Amino acid sequence: MVAIMRAMRPLHWMKNILIFAPVVFAHGAGKEMLLRTAAAFAAFCLTASGTYLFNDLRDLEFDRLHATKRNRAIASGAVAPATALVFGALLVAAGLVLAGVSGWQVLVHLIAYGVLSAAYSLYFKRVVFLDVLALSALYAIRVLAGGAAAGVEVSDWLLALSVFLFVSLALLKRYGDLAGEDAPEKVPGRAYMKRDRDLVRTMGVASGYLSVLVLALYLTSPQVVLLYRSPRLLWLVCPLMLYWIAHMWFRAHRGAVRDDPIVVAATDPVSYAVGAMILMIAFAAV
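None of these values were measured; they are calculated from a predicted model. (Residues numbered from 1 in each chain as written. Predicted model: local features only at pLDDT ≥ 70, side-chain atom pairs only at ≥ 80, totals over all residues. Heavy atoms only, no water.)

Asker: Got a minute to help me understand the nonpolar core in this structure?
Answerer: When a protein is soluble and globular, its nonpolar side chains tend to lie buried together. In this structure, Phe 44, Tyr 113, Leu 165, Leu 215, Leu 219, Leu 234 and Trp 244 are the most contacted members of the largest nonpolar core, which totals 60 residues. Those elements giving two or more residues to this core turn out to be helix 3 (31-58), helix 6 (104-122), helix 7 (130-150), helix 8 (156-178), helix 9 (197-219), helix 11 (237-253), helix 12 (261-266) and helix 13 (269-285). Of all hydrophobic cores here, the second largest spans twelve residues; its members include Ile 4, Leu 53, Val 79 and Leu 91. (Core = buried A, V, L, I, M, F, W, Y, C linked by side-chain atoms within 4.5 Å. Buried < 20%, exposed > 50% of the residue type's maximum accessible area, 1.4 Å probe, protein only. Helix = DSSP H or I, 4+ residues; strand = E, 2+ residues; numbered from the N terminus.)

Asker: What is the right way to read a nonpolar patch on the surface from this model?
Answerer: A contiguous nonpolar patch, built from Leu 11, Met 14, Ile 17 and Tyr 272 and spanning about 380 Å² of accessible area, is present on the exposed surface. Looking at the secondary structure, you find Ile 17 in the loop between helix 1 (2-8) and helix 2 (21-25). (Patch = residues over 30% accessible without salt bridge, like charges linked within 9 Å, V, L, I, M, F, W, Y side chains within 5 Å. Areas by Shrake-Rupley, 256 points an atom, 1.4 Å probe, with all protein chains shown as cover. Salt bridge = Lys/Arg side-chain N within 4 Å of Asp/Glu carboxyl O.)

Asker: Quick question: what am I supposed to make of the packing of aromatic side chains here?
Answerer: The geometry of an aromatic ring pair is captured by two quantities: the separation of the ring centres and the angle between the planes. Within this structure, the stated rule accounts for six aromatic pairs. Taking 5.3 Å as the distance between ring centres and 65° as the angle between the ring planes, the aromatic pair formed by Phe 44 and Tyr 113 counts as edge-to-face. Here Tyr 113 lies in helix 6 and Phe 44 lies in helix 3, a separation of 69 residues in the sequence. Judged by centre distance (5.6 Å) and plane angle (50°), the rings of Tyr 175 and Trp 249 are tilted. Residue Tyr 175 is found in helix 8, and its partner Trp 249 is found in helix 11; the two are separated by 74 residues along the sequence. (Phe/Tyr/Trp six-rings, centres within 6.5 Å; stacked < 30°, edge-to-face > 60°.)

Asker: Explanation requested: the packing of helix 3 against helix 5 (residues 81-102) in the structure shown.
Answerer: Helix-helix packing: each pair is described by the crossing angle between the helix axes and the interaxial distance. Between helix 3 and helix 5, whose axes approach to 7 Å, the crossing angle comes to 160°. With respect to each other, helix 3 and helix 5 are oriented roughly antiparallel. For the pair helix 3 and helix 5, the crossing hand works out as left-handed. For the contact of helix 3 with helix 5, a count of residues per class yields 19 nonpolar, seven polar and one charged. (Axes fitted to C-alpha atoms, helices over the stretch in contact; angles between N-to-C directions. Parallel < 35°, antiparallel > 145°, perpendicular 65-115°, else oblique. Left-handed = near helix turned anticlockwise from the far one by under 90°. Nonpolar A, V, L, I, M, F, W, Y, C, P; charged D, E, K, R; others polar.)

Asker: I would appreciate a short explanation of the environment of Asp 259 in the present structure.
Answerer: Note on placement: Asp 259 falls in the loop between helix 11 and helix 12. Residues Asp 259 and Leu 135, spaced 124 residues apart in sequence, show a C-alpha to C-alpha distance of 15 Å. If we skip the residues at most four places from it in the chain, Asp 259 touches His 12 and Val 264. (Contact = heavy atoms within 4.5 Å.)

Asker: What is the right way to look at unusual backbone geometry in this model?
Answerer: Negative phi is the rule for most residues except glycine; trans is the rule for most peptide bonds. Of note in this structure, Arg 9 is not a glycine but carries a positive phi near 55°. Take Arg 9: it is sitting in the loop between helix 1 and helix 2. Residue Arg 9 is classed as buried on the basis of its relative accessible area of 12%. Located in the positive-phi region is Phe 129, a residue other than glycine, with phi close to 70°. On the accessibility criterion, Phe 129 (28% relative accessible area) is partly exposed.

Asker: Looking at this structure, how should I read the pattern of salt bridges?
Answerer: Once the charged atoms of two side chains with opposite charge are near each other, the side chains can pair. Counted under the stated rule, the structure contains eleven salt bridges. Here Arg 174 makes a salt bridge to Asp 131, at a shortest N to O gap of 2.5 Å. Residue Arg 174 is located in helix 8, and its partner Asp 131 is located in helix 7; the two are separated by 43 residues in the primary sequence. Considered together, Arg 174 and Asp 131 belong to a single accessibility category, that of buried residues. The partner of Arg 201 in a salt bridge is Asp 198, and the shortest N-O contact between them spans 3.0 Å. Separated by three residues within a single helix, Arg 201 and Asp 198 lie in helix 9, roughly one turn from each other.

In structure tokens:
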């Protein structure tokens, strides 16, 4: 059971916190809204874990050739493929049931998430940059599902910021596989080669900084004046975001990002400090 829990990648559930983003930006939530959003969060966590098991089964041979992925529960032999298949199906089924509790719109978003995850595992992950767009779309679906669960319309500003930021993080993940002197000439199971890393880094940093530009443009919009008493305080978030993006890319450039960026950030004190400062600024602005 410990090995199965490890294969479910509970640390990756942090990505699903994005489901609460529409509630936070709506500046208010009732009990029913929070319960539906929490149910959507749990549904995505269960479904994501199920798709991780299916993905690891699909990539079993490639993972055994990878420097760090060979230690995954299925690749290392700690979990039998048949066991992973059964648990994966049960997790996805439980996620669909919970999504139905949150509402039919959440269920539609979860099905879209599952279909795109399957397409990513079967094809997209082996096509240059198409894999990055697919990963970014999976993040965006989480935000849209949160809006559907809470009954809050997701703004174009939030979607635009999300797309650019998630493209940067997806490229950061790919760059992490290519950085370091011991990086292979071609990443197993992917279409990226070692000579692509400078281009990947340039595209990733540019996309991350574009997300901050979107945030800056949002801060000049009329909506901000209506939602915040001290909107100018929010401009302090921009340099913090610029610093965090640069910090993550410097870590990747130095070979310190060997896992999903969200998982790396979950163990990074700088990320927690930046997140805490952004929250304090947001509360002060309200």
